[in-house]
Amino acid sequence: MSSAILQIDLDAVLANWRALDAASGPACETAAVVKADAYGLGAGRVAPALARAGVRRFFVALAEEGAALRQTLGEAVDIFVLSGHMAGDTETIGELGLTPMLNSLDQVTRHFEALPGAPFGVQLDTGMNRLGMEAGEWAAVAPIVLGAAPRLFLSHLACADEPEHPANAAQLTEFHRLTDGTAVPRSLAATGGVLLGRDYCFDLTRPGIGLYGGAPFAAARPVVRLSLPVVQVREVLAGETVGYGCTWRADEDSRIATVAAGYADGLMRTLSGKGTLWADGTPCPLVGRVSMDLITVDVTHLREVPEALDILCAEQGIEALASAAGTIGYEVLTALGPRYARHYIGGAG
Ligand SMILES: *Cc1c(COP(=O)(O)O)cnc(C)c1O
């Protein structure tokens, strides 16, 4: 084993999807967000497993991601593009039958002129001020756009991971105000929104991070395990230092394992001197700086040094690693680099 192994439990992804689907109730459909290569886990394997389990609607960020997903999944699913219909996307959207979520007057014009009659949805801004038409802009185009039969109204919550935040109720009210009385299916909730309750779920939910085991879905089954091979073990005498900048000095004679992964593989440099790796359930402190391809770990207390140390495992999930690195689970997952060998388990085929 020379490269690190990223194990991805597709059964856990499916269990998480089913749990979120159950939470939103029988009247609401649950899609899957597989943008950024399914949050770094490999849309080529994750999306087919979800489709086999019955998922019929998928969301991606970019038309190019939608094109790749169409090749993977074929014609039987709906693929929504969150960035809408950008300049240069027309051919991809038209030929592959993607559904852009139109975000602005410019995008509405582009779509209606370039692909008249082609499916689309509408993204409305209810307060996040990132994507989507604002109330005034929407009012101006609503009669024309509604006449062209949008497939979906979508808006996105800014603070869904903080249930008490007043922005949640304010955005819910605004979404009702903009969309009540139309026959168009509606979607407001991503993972956090589903957990806010059924008022937030409308016709379709769009979980991403919850499928992959991240917060705020605290009950999620963990999906990833990351084992880093030990390249070398050395004795370091009391007073000697380890790594760039000589930032860690041994208080006593120590044994240091050098493992094969670093910040080029998405293990944030902010873990320097702070992270923990695990040897079959025993914690081992990361010492010194994280370098591009290597990490050094104090294994003095281990009776035997294993062939690999885990940095994502039962003892330390993506949220625990994220908080040690000063970031969020989303960034931990999407940073996982291309050098890991991805091993998939489960997923019914
Ligand atoms: C990324 C994204 C999602 C998925 O959000 P999670 O928090 O990962 O569940 C849903 N909708 C939009 C518009 C997004 O950008």
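Up top is the structure.
None of the values given here were measured: they were computed from a predicted structure.

Quick notes on the rules
- Residues numbered from 1 in each chain as written.
- Predicted model: local features only at pLDDT ≥ 70, side-chain atom pairs only at ≥ 80, totals over all residues.
- Heavy atoms only, no water.
- Axes fitted to C-alpha atoms, helices over the stretch in contact; angles between N-to-C directions.
- Helix = DSSP H or I, 4+ residues; strand = E, 2+ residues; numbered from the N terminus.
- Parallel < 35°, antiparallel > 145°, perpendicular 65-115°, else oblique.
- Left-handed = near helix turned anticlockwise from the far one by under 90°.
- Contact = heavy atoms within 4.5 Å.
- Expected span 1.5 Å × (residues − 1).
- Buried < 20%, exposed > 50% of the residue type's maximum accessible area, 1.4 Å probe, protein only.
- Arc of directions from axis to C-beta.
- Near = heavy atom within 4 Å.
- Polar contact = N/O pair within 3.5 Å; in protein donor to acceptor, adjacent residues only side chain to side chain.
- 1 Å grid on protein atoms, 1.4 Å probe; cavity = no way out; pocket = protein on both sides within 12 Å on 5 of 7 lines; lining within 4 Å.
- Sits in = over half its atoms within 2 Å of the grid points.
- Nonpolar A, V, L, I, M, F, W, Y, C, P; charged D, E, K, R; others polar.
- Salt bridge = Lys/Arg side-chain N within 4 Å of Asp/Glu carboxyl O.
- Phe/Tyr/Trp six-rings, centres within 6.5 Å; stacked < 30°, edge-to-face > 60°.
- Points joined across faces, edges and corners; volume = space filled by probe spheres on them.

1. A word on the packing of helix α3 (residues 43-52) against helix α4 (residues 63-73)
Across the interface, α3 lies against α4 with an axial gap of 10 Å and an inter-helix angle of 55°. If you check the angle between α3 and α4, you find them oblique. Crossing of α3 over α4 shows right-handed handedness. Residues Gly-44, Ala-47, Pro-48 and Ala-51 of α3 lie in contact with α4, whose contacting residues are Leu-69, Thr-72 and Leu-73.

2. Overview of helix α8 (residues 166-179)
Between its first and last C-alpha, α8 extends 20 Å over 14 residues, near the 20 Å set by a 1.5 Å rise per residue. Taken together, the buried positions of α8 are occupied by Asn-168, Gln-171, Leu-172, Glu-174, Phe-175, Leu-178 and Thr-179. One side of α8 holds all its buried residues, which, seen down the axis, span an arc of 170°. When the buried face of α8 is taken as reference, the exposed residues oriented beyond 90 degrees from it are Pro-166, Thr-173 and Arg-177. Considering only its buried residues, α8 is in contact with α7 (135-147), β8 (153-154), β9 (186-187) and α9 (191-196).

3. Some thoughts on the site of the ligand
Not every one of the 13 residues close to the ligand is listed here, only the nearest: Lys-35, Tyr-39, Thr-191, Ile-209 and Tyr-330. Contacts to the ligand include Tyr-39, whose side-chain N or O atom sits 2.5 Å from an oxygen atom. Between the ligand and His-156 there is a distance of 3.5 Å, counted from a nitrogen atom to a side-chain nitrogen or oxygen. More than half of the atoms of the ligand fall within 2 Å of the grid points belonging to the largest pocket. Tallied by class, the residues present in the shell around the ligand amount to seven nonpolar, three polar and three charged.

4. Observations regarding the pattern of salt bridges
Considering all chains together, one arrives at nine salt bridges under this definition. Of the charged contacts in the structure, one is a salt bridge between Arg-186 and Asp-180, with a shortest N-O distance of 2.7 Å. Across the pair Asp-265 and Arg-339 runs a salt bridge, and its minimum N-O distance is 2.8 Å. Here Arg-339 lies in the loop between α11 (329-335) and β19 (341-345) and Asp-265 lies in the loop between β14 (254-259) and β15 (276-279), a separation of 74 residues in the sequence. Of the residues examined, Arg-339 reaches a relative accessible area of 44% and is grouped as partly exposed.

5. Concerning the packing of aromatic side chains
Under the definition given, this model contains six aromatic pairs. Arranged with centres 5.3 Å apart and planes meeting at 65°, the rings of Phe-112 and Phe-120 form a pair that is edge-to-face. Overall, the relative accessible area of 2% leaves Phe-120 in the buried class. Aromatic side chains Phe-175 and Phe-202 sit 5.1 Å apart centroid to centroid with 85° between the ring planes, which places their arrangement in the edge-to-face category. Pair noted here: Phe-175 is in helix α8 and Phe-202 is in the loop between α9 and β10 (204-205), with a separation of 27 residues, a long-range link. For Phe-202, a relative accessible area of 15% puts it in the buried group. In this structure an aromatic cluster arises from ring pairing among Tyr-39, Tyr-212 and Tyr-330.

6. Some remarks on the side chain of Arg-186
With respect to the element layout, Arg-186 can be found in strand β9. Here Asp-180 takes part through its side chain, which lies 2.7 Å from a polar atom of the side chain of Arg-186. Other than its neighbours up to four places away in sequence, Arg-186 contacts Leu-152, Phe-153, Phe-175, His-176, Thr-179, Asp-180, Cys-201, Phe-202, Asp-203 and Leu-204.

7. Let's talk about the packing of helix α1 (residues 10-23) against α3
For the pair α1 and α3, interaxial distance at closest approach is 10 Å and the crossing angle is 50°. Our classification of the angle between α1 and α3 gives oblique. Where α1 crosses over α3, the two elements pack in a sense that is right-handed. Contacts from Leu-10, Val-13, Leu-14 and Trp-17 of α1 reach α3 at Arg-45, Val-46, Ala-49 and Leu-50. By residue class, the composition of the contact of α1 with α3 is seven nonpolar, no polar and one charged.

8. Remarks on empty space enclosed by the protein
Taken as a whole and judged by the stated rule, the model has one cavity of 30 Å³ or more. Estimated volume of the largest cavity: approximately 60 Å³. What lines the largest cavity is simply Gln-123, Leu-124, Asp-125, Thr-126, Met-128, Arg-130, Leu-131, Ser-155, His-156 and Gln-171. Here the lining of the largest cavity is built from residues that sort into three nonpolar, five polar and two charged.

9. Some details on the side chain of Ser-83
Tracing the backbone shows Ser-83 in the loop between β5 (78-81) and α5 (90-96). Polar side-chain contacts of Ser-83 include one of 2.6 Å to the backbone oxygen of Ala-61. Those residues in contact with Ser-83 that lie beyond four places of it in its chain are Ala-61, Leu-62, Met-101, Asn-103 and Gln-107.

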